[in-house]
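Structural characterization, general
Here's the letter readout for the chains.
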Amino acid sequence: MNERLKRLQEIGQSVWIDSLSREDVVEGGLRRLIEEGVTGVTSNPTIFQKAVSSSPLYDGQLRELAGEEDPREVFFLLAREDIRGACDVLMPVYERTGGEDGYVSLEVSPDLAYDTAGTIEEAQRLHEMVDRPNLLVKIPATREGLPAIEEMISRGRSINVTLIFSLGRYREVAGAYIRGLRRLVGSGGDPSRVASVASFFVSRVDTEADRRLDEAGHPELKGRLAVANAKLAYQEFKRIFAGPEWERLASAGARVQRPLWASTSTKNPEYSDVKYVEELIGPRTVNTMPHSTLQATMDHATIRPTLEEGLEEARRVFAAVQEAGVDYDDLTRVLEEGVRKFAESFEQLLREIERKGRRLVRQG
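The sections below set out a description of the structure shown in this document. As the structure is a computational prediction, the values presented were derived from the model and not from experiment.

Section: the packing of aromatic side chains
For the coordinates displayed, the defined rule picks out 12 aromatic pairs. Taking 5.6 Å as the distance between ring centres and 55° as the angle between the ring planes, the aromatic pair formed by F165 and F201 counts as tilted. Residue F165 is located in the loop between β5 (159-164) and α9 (167-186), and its partner F201 is located in strand β6 (residues 196-201); the two are separated by 36 residues in the primary sequence. F201 matches F165 in its accessibility class, with the two residues each being buried. These aromatic residues form a ring-pair network of at least three members: Y177, Y234, F237, F241 and W246.

See below:
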């Protein structure tokens, strides 16, 4: 086991890999990562697009599905095999940790981000399609996504709430989770079988904030808002999942909804390649990393609890950024609207499935 990943586990932070391909499952890459200390997998349409376009392991199934007219259905059949395989590889982790870790995430179609009923229907379908207890279905934290999150939790389904950028939206996400748990317990359900993470996107906050700070003439504040944002979100997490109301749910078996740090690759080459790992280490959290960030972490990251350091400084950063003329509410609103880019990636994925399927049929 990698010593740095082992130390993260000792502190209480789980490391998941933000990547999945059929090679990872079939050829043992995922199993090797688990041996190093990785305990979960996240995926999205962009990740699937790269896997399908570059790997011959999908070719046989694409030929078999050539008669299927709807590329969306073809995608879900391809994804089902990959996700089930990854869930099975991670099942020993799920069992060893008592359902704390060992999860694989699959996203609802991004074009449903503003469709509550459509999101509920598809999230239910994905859980039934994969049929594994260690599946997390990803639902975006749009305003329309909030009631879908509550509904799925009330049905006893495990959910990864994705694309969270603002503290206000995070509080709404946690509220939806708790309301769903209350409904589940009230109907006689078992909350101990429900898991959820709240995926707070990190580096994208700095990317957008840095652009605005340059325009405002305050480059000295660049590279600071994203970490401050996550640190204050963690304080909200500790406040929300404490006290008599939460303890009543916990006594019935409910689990906290762990904060998950997503978008942790460093976009600005002037920053450390492990910036969004080293500065956000704390208990009851998850950090999901692409391969490059994971390798850098295993190689040279400094591992110590940092998530609750510098809280007053984090608050000062917020105030300074606002004083510099950067509107936090507008910034996070623009970032949330980036869910449309995921919808574009999904459309590209569907087109790639159609193209590759037609080519394989022509080749015989």
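Quick look at the pairing of β6
Counting buried residues in β6 gives six out of six residues, a clear majority hidden from the surface. Side chains S196, A198 and F200 project from β6 onto one buried face, and the interleaved V197, S199 and F201 project onto a second face that is buried too. Two elements, β5 and β6, share four bridges in a ladder whose sense is parallel. Residue V161 lies in a different strand from β6, and its bridge partner there is A198. Taken together, β5, α9 and β6 constitute a β-α-β crossover, and its handedness is right-handed.

Focus: the environment of R255
In this structure, R255 sits in the loop between α12 (243-251) and β7 (258-262). Taking the C-alpha atoms as reference, R255 lies 28 Å from S265; in sequence the two are 10 residues apart. Setting aside residues no more than four positions away along its own chain, R255 makes contact with G98, G99, E100, Y177, L181, S192, V194, A195 and W246. At a separation of 3.1 Å, a polar atom in the side chain of R255 contacts the main-chain carbonyl oxygen of S192.

Topic: the side chain of T42
By secondary structure assignment, the location of T42 is in the loop between β2 (40-41) and α4 (45-54). There is a polar contact of 2.7 Å between the side chain of T42 and the side chain of T288.

Examining unusual backbone geometry
Phi angles above zero are rare outside glycine, and D131 is one such case at about 55°. With respect to the secondary-structure elements, D131 resides in the loop between α7 (116-130) and β4 (135-140). Residues other than glycine seldom take positive phi values, yet L163 does so here, at roughly 60°.

Overview of the pairing of β7
Counting buried positions over the five residues of β7 gives five, a clear majority of the element. As paired strands, β6 and β7 are joined by five bridges and run parallel to one another. Opposite A198, over in β7, you have P259 as the bridge partner. Of the strand pairs in this sheet, β7 and strand β8 (residues 285-289) are connected by two bridges, and their pairing is parallel. Bridge pairing in β8 links W261 to N287.

What counts, and where the lines are drawn
- Numbering of residues begins from 1 in every chain and follows the order in which that chain's sequence is written.
- Predicted model: local features are reported for residues with pLDDT of at least 70 only, side-chain atom pairs are reported and counted for 80 or more only, and whole-chain, interface and lining totals are derived from all residues.
- Note that the side-chain values use all heavy atoms of the structure and ignore hydrogens as well as water.
- Each Phe, Tyr or Trp ring (for Trp, its six-membered ring) is paired with any other whose centre lies within 6.5 Å, and the angle between the two planes then decides the class: stacked below 30 degrees, edge-to-face above 60, tilted in between.
- In this text, helices come from DSSP runs of H or I with a minimum length of four residues, and strands from runs of E with a minimum of two, each type numbered from the N-terminal end.
- Only protein chains enter the accessibility calculation, which uses a 1.4 Å probe. A residue is then buried if its area is under 20% of the maximum for its type, exposed if over 50%, and partly exposed in between.
- A strand pair is defined by DSSP finding two or more bridges across the two strands.
- Place the viewer so that the strands point away; then a crossover is right-handed whenever the path from the first strand over the helix to the second strand goes clockwise.
- Here, residues are in contact when the closest pair of their heavy atoms is within 4.5 Å.
- Polar contact criterion, stated in full: a pair of N or O atoms within 3.5 Å, where within protein one must be able to donate a hydrogen and the other to accept it, and residues adjacent in sequence count only if both atoms are side-chain atoms.

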